[in-house]
Amino acid sequence: EAPARDLSHRATGFSALDDALPGGGWPEAALVEVLLGADGLGELALLLPMLAQLTQSERPVLLVAPPYRVNAPAWQAAGLRLAQLHVIEATAKETPWVMEQALRAGCCGAVLGWFLQGTTADQELRRLQVASEAGQSLGIAFRPLRARDNPSPSPLRLSLRGREDSATPELRLLKCR
């Protein structure tokens, strides 16, 4: 049996979230699932401080099948170096393969993929987790909230959903290793 290894972590940019996450931030070599109640809840704002840090360190960030066009001025205002931001248009069927190849290659600081249509097989998620570890890259998979009842190999799962009584979305830590 392989010994457990201590994965390094990268600060989220939000002290309360860093305090709640094991290791004090985003894992650097793992798949993180963000389950969304709807899109546009601030899921990217949750990641922008970390993504900005990666791009400032000359680490590329890859967006695979984003549901909307990238608002370059907003990302730049958040501190991202646009030269390190790459967008791949992919079908729902191509997205897991593209993410796996990028994660396994280890050339990206983070690979974000959107799986908002249809279902994602547990086997695909497992392959992404293994690729993240092999390439020492952070993978972020955005999936619908309805996937929360399905088992997942991801060591970190979060849910983000709107609240009727507030404009601020609710972020929950569903699973962590």
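Our subject is the structure listed above.
For clarity, every value in this text was computed on a predicted model and none was experimentally measured.

Here's the deal with the nonpolar core
Now for step 1: With 27 residues, the main nonpolar core has W26, L47, L51, L112, I140 and F142 as its most contacted residues.
Now for step 2: In terms of residues, this core owes the most to one element, helix α2 (residues 48–56), which gives five residues.
Now for step 3: Not counting chain neighbours up to four residues away, the residues in contact with F142 comprise V34, L36, E43, L44, L47, L112, G113, W114, F115 and L116.
Now for step 4: With 15 residues, the next largest nonpolar core counts C108, V111, F115 and A141 among its residues.

Comments concerning α2
Now for step 1: Within α2, the full set of buried residues consists of L48, M50, L51, A52, L54 and T55.
Now for step 2: If you follow the buried residues of α2, they end up packed against β1 (9–10), β2 (26–27), β4 (61–64), α3 (72–77), β6 (110–114) and β7 (138–144).

Focus on the side chain of S152
Now for step 1: Mapped onto the secondary structure, S152 falls in the loop between β7 and β8 (156–163).
Now for step 2: A residue is classified by how much of its surface remains accessible, and S152, at 12% relative accessible area, is buried.

Here is what the cut-offs are and how they apply
- Residues numbered from 1 in each chain as written.
- Predicted model: local features only at pLDDT ≥ 70, side-chain atom pairs only at ≥ 80, totals over all residues.
- Heavy atoms only, no water.
- Core = buried A, V, L, I, M, F, W, Y, C linked by side-chain atoms within 4.5 Å.
- Buried < 20%, exposed > 50% of the residue type's maximum accessible area, 1.4 Å probe, protein only.
- Helix = DSSP H or I, 4+ residues; strand = E, 2+ residues; numbered from the N terminus.
- Contact = heavy atoms within 4.5 Å.

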